[in-house]
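Chain residues, written in single-letter form:
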Amino acid sequence: MAMDFDSQKGLKKHREIIRKKSFLNRVYRDFYERLRPKHIPKGPIVELGSGGGFIRKVIPKAITSDVIAGPGIDKVFSAEKIPYKDSSVAAFVMIDVLHHIKDPE
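These lines cover the structure that appears in this document, whether it is placed above or below. (Residues numbered from 1 in each chain as written. Predicted model: local features only at pLDDT ≥ 70, side-chain atom pairs only at ≥ 80, totals over all residues. Heavy atoms only, no water.)

The subject of this paragraph is the overall build of the chain. Helix and strand counts for the chain stand at three helices and four strands. Along the chain, helices (α) and strands (β) appear in the sequence α-α-β-α-β-β-β when read from the amino end. The principal-axis extents of the C-alpha atoms in the chain amount to approximately 40 × 30 × 25 Å. Every one of the 105 residues in the chain was classed for burial, and the buried ones make up 34%. Contacts in the chain between residues at least 24 apart in sequence constitute 46% of all its contacts with a sequence separation of at least 6. (Helix = DSSP H or I, 4+ residues; strand = E, 2+ residues; numbered from the N terminus. Buried < 20%, exposed > 50% of the residue type's maximum accessible area, 1.4 Å probe, protein only. Contact = heavy atoms within 4.5 Å.)

The biggest cluster of nonpolar side chains holds 14 residues, and the ones touching the most others in it are Y28, Y32, I45, F54, I55, I59 and V93. When contributions to this core are tallied by element, the ones reaching two or more residues are α2 (22-34), α3 (55-58) and β4 (91-93). Setting aside residues up to four positions removed in sequence, V93 forms contacts with F31, L35, I45, V46, E47, L48 and I55. (Core = buried A, V, L, I, M, F, W, Y, C linked by side-chain atoms within 4.5 Å.)

We now examine the side chain of H14. Position of H14 relative to the elements: it lies in helix α1 (residues 8-20). With a relative accessible area of 19%, H14 lands in the buried category. A polar contact is formed between the side chain of H14 and the backbone nitrogen of G52, at a distance of 3.2 Å. (Polar contact = N/O pair within 3.5 Å; in protein donor to acceptor, adjacent residues only side chain to side chain.)

What follows is about α1. With 13 residues, α1 should cover 18 Å at 1.5 Å per step; its first-to-last C-alpha distance of 19 Å lies within 8% of that length. The set of residues buried in α1 consists of G10, L11, H14, R15 and I18. Taken around the axis of α1, the buried residues stretch over an arc of 135 degrees, which confines them to a single face. For α1, the exposed residues lying more than 90 degrees away from the buried face are K9, K12 and K20. The elements touched by buried residues of α1 are α2 and β2 (63-66). (Expected span 1.5 Å × (residues − 1). Arc of directions from axis to C-beta.)

Here we come to the sheet that holds strand β1 (residues 45-47). Strand order in the open sheet made by the four strands is β3-β2-β1-β4, with parallel pairing throughout. Every other strand in the sheet has two partners, leaving β3 (75-76) and β4 as the edge strands with one partner each. (Pairing = 2+ DSSP bridges.)

What follows covers the side chain of E47. In this fold, E47 is placed in strand β1. Side-chain polar atoms of E47 contact the side chain of Y32, separated by 2.9 Å. Beyond its immediate stretch of four places on either side in the chain, E47 contacts Y32, I55, I63, T64, S65 and V93.

Moving on, we come to the packing of aromatic side chains. Enumeration according to the criterion identifies six aromatic pairs in this entry. Taking the centre distance of 6.1 Å and the plane angle of 75 degrees together, the rings of Y28 and Y32 count as edge-to-face. Within this pair, Y28 and its partner Y32 are both found in helix α2, separated by four residues, close to a single helical turn. You'll find Y28 and Y32 in the same group, each marked buried. Taken together, the ring pairs in this structure connect Y28, F31, Y32 and F54 into an aromatic cluster. (Phe/Tyr/Trp six-rings, centres within 6.5 Å; stacked < 30°, edge-to-face > 60°.)

Structure representation (structure tokens):
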């Protein structure tokens, strides 16, 4: 039976997987480290599809988001309907998310 990662149970499971699999954990940490604010313009950083990630351990002021509410999720919205005005965010970042977006255009 496939896990529905777009559910509360799925978020919890995804978080466990990222923390337990050392290689995957390093991939996430390396990505977050490369995004530290010195590498992008000043302003809000919004992570799309935060799920079980841990961006705020590396970038404490990052805003987390996902399609469902859960622990560590600041805002609930779809990447297809981002609720920010043009030029109001310095960077949108995501890991392992694009394939979940039905219409990425």
